[in-house]
Amino acid sequence: MTQRSRAASAAPRNRPWPLGRQGCGVALDMGSARTRAWVAGRGLVIDVPTVTFPGVGAVYPIQRGTIIDTEGTARMLERLLGHRLPRFTRPLVVVTAPVLDGVAYRNEARTAVEVLRPRGVLTIPSARAVALAAGADMSRPLLVVDIGAHLTEVVLLSEGAVVDARRTALGTTDLDTASPLQICDAVATMVTAMLRQDRTSLTIDALRRGALLAGGGALRPEITYHLTGRLHAPLRAVAAPHTAAVRGAATLLRSARDHSSDEDSAPSEPKSS
């Protein structure tokens, strides 16, 4: 099922960074398939499957972009990061979040991250993180297509704020049962819906500029080939697209004084369609 959300464009307001911003910091991208963490001064230190082991067998606490087991997610973070952070420090944490269902995800993510004893937690929409990683000019309309392992999001940004967002529960792990063409058709359908409902020129301007492609799907030549044909628009893949979100979160962490959390530009609670 495809979901969508729409929000009025608004320039985000700046918020002061908490005291001690030069101390320990962590950027987190917790996906359904993999969890990645960037630690200040050390770079990317974790890129592992999103899984926890509460007893016999493995449990996957995040599914299709939704945290379904907050306690399990916390246990996973403690196991992965607890010994990697300096003792007696309280890190500043930036967490990426899917745009749709982002409110619920942010709440659960903040609860899970408490295991790291953070002195501050910021969340950023994954699409905006991707744009930061790409060094994109966000003063102009930007269309981000993020094809992950279990979820594909299409997000329209304007001035760095989310204007429209849609998603489908299809990703690269579904290629055993779904063809690359089906994923590309789903993306094209979402973009077409954006064009039809956009009463401004933002979507068409973003398409003319060229869609920004991220996620593991950007590493699949058959997907990029079919998607270019379906969108009839230029397609620009982000460098190292599978780690773009966590690198964008790290960019926000490094320059937090000049940025705000996504709460200032997040869309309202999404509706299903």
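Scroll up for the structure.
Residues numbered from 1 in each chain as written. Predicted model: local features only at pLDDT ≥ 70, side-chain atom pairs only at ≥ 80, totals over all residues. Heavy atoms only, no water.

Looking only at helices and strands, the protein chain has 7 helices and 16 strands in total. Looking at the protein chain residue by residue over its 273 residues, the buried ones come to 54%. For the protein chain, restricting intrachain contacts to residue pairs at least 6 apart in sequence, the fraction spanning at least 24 positions comes to 69%. Entry remark: accessible area of the protein chain is about 12,100 Å², with carbon and sulfur atoms responsible for 52%. (Helix = DSSP H or I, 4+ residues; strand = E, 2+ residues; numbered from the N terminus. Buried < 20%, exposed > 50% of the residue type's maximum accessible area, 1.4 Å probe, protein only. Contact = heavy atoms within 4.5 Å. Areas by Shrake-Rupley, 256 points an atom, 1.4 Å probe, with all protein chains shown as cover.)

Moving on, we come to the environment of L207. Tracing the backbone through its elements, the reader meets L207 in helix α5 (residues 202-209). Not counting residues within four places of it along the chain, the set of residues in contact with L207 comprises L143, V191, L195, A233 and P234.

It is worth spelling out the environment of E153 at this point. Examined against the element boundaries, E153 turns out to sit in strand β12 (residues 152-158). Separated by 15 residues in sequence, E153 and T168 place their C-alpha atoms 6.7 Å apart. Apart from residues lying up to four places away in sequence, E153 is in contact with P98, V99, L100, V144, V145, D146, R166 and R167. At 3.0 Å, the side chain of E153 and the backbone nitrogen of V99 are in polar contact. (Polar contact = N/O pair within 3.5 Å; in protein donor to acceptor, adjacent residues only side chain to side chain.)

Count 3.6 residues to each turn of an α-helix, and residues three or four apart come out pointing the same way. For α5, the set of buried residues is L202, T203, A206, L207 and R209. Down the axis of α5, the buried set is contained in an arc of 160 degrees. They therefore lie on one face. The inward-facing, buried residues of α5 abut β11 (142-147), β12, β13 (161-168), α4 (180-197), β14 (211-214) and β15 (235-237). Among the residues trailing α5, G210 stands out with phi positive, at a value near 115 degrees. (Arc of directions from axis to C-beta.)

Turning our attention to the pattern of salt bridges. Using the criterion set out here, one finds 7 salt bridges in the structure. Here D174 ties to R64 by a salt bridge, and the two come within 3.0 Å at their closest N and O atoms. Here D174 is found in the loop between β13 and α4, whereas its partner R64 is found in the loop between β7 (62-63) and β8 (66-67), with 110 residues between them in sequence. Residue class for R64 comes out partly exposed when judged on its relative accessible area of 31%. For E222, the salt bridge goes to R220, with nearest N and O atoms at 3.2 Å. When its relative accessible area of 28% is taken as the criterion, E222 is described as partly exposed. The class of R220 is partly exposed, set by a relative accessible area of 30%. Taken together, the shared-partner salt bridges connect R34, R36 and D47 into one network. (Salt bridge = Lys/Arg side-chain N within 4 Å of Asp/Glu carboxyl O.)

V94, I124, V130, L142, V144, V155 and L157 are the most contacted members of the largest nonpolar core, which totals 30 residues. Listed by contribution, the elements that provide at least two residues to this core are β9 (92-97), β10 (120-125), α3 (126-134), β11, β12, β13, β14 and α7 (244-254). Sorting elements by how many residues they give to this core places α7 first, with 6 residues. If near-sequence neighbours (up to four positions away) are discounted, V130 is found in contact with V144, D146, L212, A214, V238, A244 and A245. The next biggest cluster of nonpolar side chains, apart from the first, holds 25 residues, and it includes L28, A74, Y105 and V121. (Core = buried A, V, L, I, M, F, W, Y, C linked by side-chain atoms within 4.5 Å.)

Moving on, we get to the sheet that holds β9. Neighbouring strands of a sheet are bound in pairs by backbone hydrogen bonds; such pairs are parallel or else antiparallel. Read from one edge of the open sheet, 5 strands run β4-β3-β2-β9-β10, paired in mixed fashion. The open sheet has two edge strands with one neighbour each: β4 (43-49) and β10. Averaged over all neighbouring strand pairs, the angle between strand axes comes to 20 degrees, with direction disregarded. Bridge count for β9 against β10 is 6 bridges, and the pairing is parallel. (Pairing = 2+ DSSP bridges. Axes fitted to C-alpha atoms, helices over the stretch in contact; angles between N-to-C directions.)

Attention now goes to α4. If you check α4, its first and last C-alpha atoms are 26 Å apart, about what 18 residues at 1.5 Å a residue would give, namely 26 Å. Those residues of α4 that sit buried are P180, I183, C184, A186, V187, A188, M190, V191 and M194. (Expected span 1.5 Å × (residues − 1).)

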